[in-house]
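Results of the structural survey
The residues making up each chain are set out below.
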Amino acid sequence: MAGSGASDPNRTLGDLDALAAAAARTIEQASTTAELERAETATLGRRSPLAEARRALGSLDPEARREAGRRLNDLWSSLEALVARSRAELARQERVAALVADRLDLTEVVLATVRSPLRRGHRHLVSTTRDALEDVFVAMGFQVAEGPEAETDWYNFEALNIPPAHPARGMYDSFYLEVGEPETVVLRTHTSPVQIRLMEAAVAADSIPIHAVIPGRCYRRDTADASHLPVFHQVEGLVVDEGITFADLAGTIETFTTAYFGPKVHARLRPSYFPFTEPSAEYDITCTLCLGAGCRTCSGTGWLELGGCGMVDPAVFAAVGIDPEVWSGFAFGFGIDRCAQMRHQVADMRSLLESDVRFLRQF
Amino acid sequence: MRAPLSWLQDFAPIEADVDALVDALDDLGLIVEGVERVGTGLDQVVVSRVLEISPIAGADRIRRVVVDPGGEPVEIVCGAFNFDVDDLVPLATVGTVLPNGMEIGRRRLRGVTSNGMLCSGRELGLSDDGEGLLVLTGTDGAAPGVPLAEALGIRPDVVFDLTVEGNRPDAWCMAGVARDLAARFKLPFALPEVELEAAGPPVETLASAVVEAPGLCPRLTVRVLDSVVVGPSPRWMARRLVLAGMRPINNVVDASNYVMLELGQPTHPYDLDRLGAPGLLVRRAHPGEVVRTLDGVDRVLGVPGRGLGETGEDCVICDADGQPVGIGGIFGGASSEIAETTTRVLLETAAFDPMAIARTSKRLALRTEASARFERGVDPFGIDRAAERVCQLVVASAPGARVAAGVLDVRGDLPSPVRITLGAHQVNRLLGTELSASEVAELLGPIGFRCTPAGGDRIVVVVPTNRPDVRPEPHGVADLAEEVARLYGYSRIERRRPTWATPGGLSTYQAERRRVREVLVGLGADEVWTSSLVDERDEDRLGVRIPPVRITNPMAADQAALRRTQMGGLLRALAWNRDRRQGDLRLFEVGVVFWPPDPSQPPTRAGSEGGAGVHLPVERELVSAVFAADGDDAAVALSALHALAEELRVADLRLRPQADGAALPGLHPSRSAVVRSGRDGPVVGTVGELDPAVVAEFGAASGRVGWLELDLRTFLHRDLVSRRPEVARPVSRYPSADVDVALSVDDAIPADLVADALRGAGGELLESVTLFDVFRGPGVGPGRRSLAFRLRFCAADRTLTDAEVGELRARCVAAAEDEVGASLR
Ligand SMILES: [Zn+2]
């Protein structure tokens, strides 16, 4: 079985291993990407010993050639992998070195030398609108309250008299979160859950009455278009006190619309339905474009829809443990973005979310 | 819902003009989305008899037709072929303007004069059929010379497009709308009389009715008709269906739909002979049972879906052998629908559990006219009238059809009418009105609430069964108050502005959050709003390691997670503006980011049962800012941090690079720092520069981008982050003395610790310590740098002597040497 002559396959394989080991050492010694380039040419290039060995395979007998060829291919690909690894590692090291060389110890910045351009920035239209609305309500005696954007089903729906599978849920297409049991945690579809939190807290602290407005971000699973965004902002109002009536609600709506939109803008209330208020109403305001004369924006009616309101439903009072024989209350809500859109005639709501400074810097 | 005025007038003599009706409907809560005028433009269209049809030489698409419009014969060129001599067809005479706006003129075609136009149903706005003429032969009252409108009984009509709220199932039909209008205009209101002659055999001999799931189907009635001829509906009915937005199908199906629109009660007709066994059986669906609905789709039933309250209970309607033929209250099955060949009709009229219908409809994503009505609540006692009315209409449309005697009626637990004792003071207490009991009764009576005096200001109100939205006492009081308000008129209720003694205001946090915004705006930054719904891979690329909170049902893959940082949104905002060649970009955002729930926090109530509750995601309210104007870098971001600290009197912020070089997500590892309150206080944020690789990957800027992020709930929290005292400190009236010291300090020692050492030694006499120069290079030694501080000494009660200043300086230097290993240069 022992072979004879120049083509001893064992000897050839041994030679190949030795060549590969030498090549690996050369590659590993490279300490910069430039050195690695040179090492790669030297070990795997056209004139490298391994390339020579590959060319020499032709002189072996077929069986030896097959075996040596296979071994050579294995060694070749492991060396290529080694080059790739080294290249990645050297690139990482060089990036880190560059970042380290770029070092700035922030404790030793001499502030007096920092120059800043004398340009004033602009608040976002939604954020200034929110502030303006808050200010109107603060002047009317409201506190400003806030609550979480991710809510449980209890706060967002059930305590608001919208039990599971209630048809009214169709009005609020919700994003559910992968938290807890399926469909127990939603991105709030309105700011109304904060009503429940405020009432629960007031009951616990025995601190009714409540006079609060609740601004915040809400989410509905609607496709964005010129007048809807899946992420939007609302203001909610809640008053729970003795002797509060629908007349107080109507007066409050009228007062804030006139205060925010100007003396020529008035409100009208129409019957509507919300599970958490009874009686419920929708309110329209005088069209801000035509001031009631009728135009295309208001479909000739002279009115624009703003929001919903009503007297707190007795089922909601029951859910939070407030005695409706002693207290009564009203709630109202509307879109901050929609307010901004109406007051500034923003054609497409999506421009509010685009962060385009050419839009933002107008306000 | 589309409500033709003429249909409403079936129930009450409504005469008010359209504007007044629109106002009244709006004020009643039946919101008018649109008003359409129909059936106009027919004034000059008359019925005419075809006298003669002849070809026109050289034309094969048009013919010469001579018609008799009840006077002189008229010559017309006509392109339709679906009529013959002696047929009656509509003629629009010269000068007519058709409903579609087309004006008819005299024309000459191929040498023949056309003195008008013979019209199709589509051209007249009466149907969708534009293929041929509207042939009137056989129509009662159609004769040459009779105006078309008169022959067809068409009056100009007005169709109101109404939105009916979910709590008004009673108003989701013509009768309901008319009832409200009649009450508002104080008109008599009456439902159509139904007189049914039962000429067929007893219904028990023809079919059976069994309910195995009375919880899902509290009432089932079955009526049978035989000798029915299925064909097109009478024209008047087809027209009303079209005006109401439904497509006419055949006289049986149309009668069912007509009654649903008229009375609000869905019914379902089956071909009795196509049911596997004659009769209906209502049961729960077996788990996994498949029913093929009328639309040809196989629906899998009885399998609970996701979400609260989901039981997987579905109600199936089966034939008498238990083979499913439809989904109860939602959709009929394909196997037993009414066909041309049908002669015996089984009419199902039932009541279903609204919640069960809602769940099934939601889970199957299958919403029909019937399911929408059942899930809002249908009057279980309106069934009889509705079924009789369908039978009456079928018989009227199919002469010879017979109604089987009697009705199969299976009743489970049906609600008894709600009775509420209502005090006028209770209404007034909610509405702010001053109505008397009799005034309340006068408002409620006309819409079907029977009121009887109960002494004092009280009345007993019996709620009609078509108002399932009105709850029993105590909650029902509010429901009645709404009805009173609605009929009284919301606009008539007084407007009063409530006042109370407590002042309004922002919380300290809210007020200071506004100041944070103002400071950044003052530094030239524009405020942006970026979406909270993000692509989690964007944030993974930034190196955010905390797991995201994911959305179960996202609208798009790149909006499937809640943001963990504002960095991604701000980088995208920079890129957006850079792509649009906008410069001077400094942007900031105030808003919430979401981290996974923290089990160490108390859980939040999840549902009505209470239970263990659920841990909500942690919401962190942040302000984040990017500084990408020309020349901006970490130092600019740092100066912004100082400006914020100044504005808010935050006393002692310390910067520390992240330990062991672990980079903060997205930040330059050696030009960024964690911001702490004091040497060992809580972390309030990060400041520095974005990693240039990240900036490049997002295409956000060409140069350095400074970064600042603060957790506002921590930064503005007075217990966690100390503020400079608000007590006024007197200013010394004596001159101060400045001394500069240059100290060589190891790179590992932050400069603020050196300043601490100097300050500690200087005591009260050291008014300020200011770093004014940093130098690395020859003479300082490797791994060290020279920090040059200006020490300003001042005493409140005297001028310090040179000797004193010299001694203070020495003490400070010694402290720096001892505490931080500094050496004086
Ligand atoms: Zn207008």
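About the criteria used
Residues numbered from 1 in each chain as written. Chains lettered and ligands numbered in written order. Predicted model: local features only at pLDDT ≥ 70, side-chain atom pairs only at ≥ 80, totals over all residues. Helix = DSSP H or I, 4+ residues; strand = E, 2+ residues; numbered from the N terminus. Rg over C-alpha atoms; globule rule 2.2 N^0.38 Å. Buried ≥ 20, exposed ≤ 12 C-beta atoms within 10 Å, placed from the backbone. Contact = placed C-beta atoms within 7 Å. Axes fitted to C-alpha atoms, helices over the stretch in contact; angles between N-to-C directions. Parallel < 35°, antiparallel > 145°, perpendicular 65-115°, else oblique. Left-handed = near helix turned anticlockwise from the far one by under 90°. Domains from an automatic or database assignment. Pairing = 2+ DSSP bridges. Expected span 1.5 Å × (residues − 1). Core = buried A, V, L, I, M, F, W, Y, C linked by C-beta atoms within 7 Å. Nonpolar A, V, L, I, M, F, W, Y, C, P; charged D, E, K, R; others polar. pLDDT = per-residue confidence, 0-100.

In this section: the overall build of chain A. Across its full length, chain A holds 11 helices and 9 strands. Taken over the C-alpha trace, chain A has a radius of gyration of 37 Å; the compact-globule value for 363 residues is 21 Å, which it surpasses by more than 25%. Dimensions of chain A, computed from the C-alpha atoms along their principal axes, are close to 115 × 55 × 50 Å.

Within chain B one finds 20 helices and 39 strands. Computed over its C-alpha atoms, the radius of gyration of chain B comes to 41 Å, more than 25% above the 28 Å expected for a compact globule of 825 residues. In terms of overall dimensions, chain B has C-alpha extents of about 130 × 80 × 55 Å along its principal axes. A total of 825 residues make up chain B; the buried ones form 48% of that total. Counted over contacts in chain B with a minimum sequence separation of 6, partners at least 24 positions apart contribute 70%.

Let us now look at the packing of helix α5 (residues 125-139) of chain A against helix α8 (residues 246-261) of chain A. All names here are of chain A. Where α5 contacts α8, the axes come no closer than 10 Å and their chain directions differ by 130°. Accordingly, the angle class assigned to the pair α5 and α8 is oblique. Note on packing geometry: the crossing formed by α5 with α8 is right-handed. Between α5, through Ala 132, Leu 133, Val 136 and Phe 137, and α8, the contact on the second element is made entirely by Phe 256, Ala 259 and Tyr 260.

The domain architecture assigned to chain A consists of domain 1 (10-103) and domain 2 (125-360). Domain 1 of chain A and domain 2 of chain A are separated by 69 Å when their C-alpha centres are compared.

Here we take up the pairing of strand β26 (residues 458-462) of chain B. Residues and elements named next belong to chain B. Burial along β26 is one-sided: the residues Ile 459 and Val 461 are buried and none of Arg 458, Val 460 and Val 462 is. Taken together, the 5 bridges between strand β24 (residues 419-423) and β26 define a ladder with antiparallel strand orientation. Looking at β26, one finds that Arg 419 is bridged to Val 462. Bridge count between strand β25 (residues 450-453) and β26: 4 bridges; the pairing is antiparallel.

On to the domain arrangement of chain B. Along its sequence, chain B is carved into domain 1 (2-39 + 157-185), domain 2 (45-152), domain 3 (200-411), domain 4 (419-489), domain 5 (508-600 + 615-715) and domain 6 (737-824). Distance between the C-alpha centres of domain 4 of chain B and domain 6 of chain B: 83 Å.

The next subject is helix α15 (residues 567-579) of chain B. Across its 13 residues, α15(B) extends 18 Å between first and last C-alpha, which sits within 8% of the 18 Å expected from 1.5 Å per residue. Taken as a whole, α15(B) has its buried residues at B:Met567, B:Gly568, B:Gly569, B:Leu570, B:Leu571, B:Arg572, B:Ala573, B:Leu574 and B:Asn577. Contacts from the buried residues of α15(B) go to α11 (357-360) of chain A together with β28 (533-534), α14 (536-542), β30 (586-595), β31 (618-627) and α17 (692-698) of chain B.

A separate point is the nonpolar core. Note that soluble globular proteins tend to have their nonpolar side chains buried in a common cluster. Residue and element names in this part refer to chain B. Core analysis: the biggest nonpolar cluster contains 273 residues, and Val 222 and Val 394 have the highest contact counts within it. With 9 residues, helix α16 (residues 634-647) is the single largest residue contributor to this core. Counting residues in hydrophobic clusters, the runner-up holds 32 residues, among them Val 47, Val 67, Ile 76 and Cys 119.

Pairing between the strands of a sheet is mediated by backbone hydrogen bonds and can be parallel or antiparallel. Residues and elements named next belong to chain B. Sheet architecture is open: 5 strands sit in the order β12-β15-β18-β19-β20, paired in mixed fashion. In the strand order of this sheet, the two ends are held by β12 (209-211) and β20 (331-332), each with one partner. In terms of strand pairing, β12 meets strand β15 (residues 280-284) through 3 bridges, oriented parallel. Bridge pairing in β15 links Val 211 to Val 282.

Residues and elements named next belong to chain B. The 3 strands are arranged β1-β10-β2 in an open sheet whose pairing can be described as antiparallel. Strands at the two margins of the open sheet, each flanked by one partner only, are β1 (2-4) and β2 (30-38). In this sheet, neighbouring strand axes are inclined to one another by 25° on average, regardless of whether the strands run parallel or antiparallel. Inspection of the sheet shows β2 paired to strand β10 (residues 157-164) by 8 bridges, in the antiparallel sense. From the neighbouring strand, Arg 37 faces β10, where its bridge partner is Val 158.

What follows is about the interface of chain A and chain B. Across the boundary between the two partners, chain A contributes 97 residues, which contact 113 residues of chain B. Residue contributions to the side of chain A that touches chain B peak at 8 residues, all from α8(A). Looking at the side of chain A that touches chain B residue by residue, the classes come out as 50 nonpolar, 20 polar and 27 charged.

Along the chain, the position of B:Gly264 falls in the loop between α6 (251-263) and β14 (268-271). Setting aside anything within four residues of it in sequence, one finds B:Gly264 in contact with B:Pro169, B:Asp170, B:Trp172, B:Cys173, B:Gly176, B:Arg373 and B:Val378.

Right, let's get into unusual backbone geometry. Cis geometry is found at the peptide bond from A:Ile208 to A:Pro209, where omega equals 10°. Along the chain, the position of A:Pro209 falls in the loop between α7 (193-204) and β4 (210-219). You will see that A:Asp206, though not glycine, has its phi angle at about 50°, which is positive. With respect to the helices and strands, A:Asp206 occurs in the loop between α7 and β4. Given 6 C-beta atoms within a 10 Å radius, A:Asp206 is considered exposed. Located in the positive-phi region is B:Lys186, a residue other than glycine, with phi close to 55°. Take B:Lys186: it is sitting in the loop between α4 (174-185) and β11 (200-202).

Topologically, A:Arg119 is positioned in the loop between α4 (62-101) and α5. A C-alpha to C-alpha distance of 80 Å links A:Arg119 and A:Pro62, two positions 57 residues apart in sequence. Ignoring any residue separated from it by four or fewer positions in sequence, one finds A:Arg119 in contact with B:Gly524 and B:Asp584.

A few words on the confidence of the model for chain A. Residue and element names in this part refer to chain A. Chain-level statistics for chain A give a pLDDT mean of 90 and a share of 96% at 70 or above. At the level of individual helices and strands, chain A shows its lowest average pLDDT in helix α1 (residues 9-29), which scores 79, and its highest in strand β1 (residues 143-144), which scores 98. In the model, residues 1-7 has pLDDT below 50 throughout and makes 6 contacts with residues more than four positions away in sequence or in other chains.

So, on to the pairing of strand β3 (residues 45-56) of chain B. Residues and elements named next belong to chain B. Sheet topology places β3 next to strand β6 (residues 88-93); 5 bridges connect them, and they run antiparallel. Paired with Val 45 across the bridge in β6 is Ala 92. Summarising the sheet, β3 and strand β4 (residues 59-68) pair through 7 bridges and their orientation is antiparallel. Looking across to β4, one finds that Glu 52 is bridged to Val 66. Counting the residues in the hairpin turn of β3 and β4 gives 2 residues, including Gly 58, whose phi is positive at 80°.

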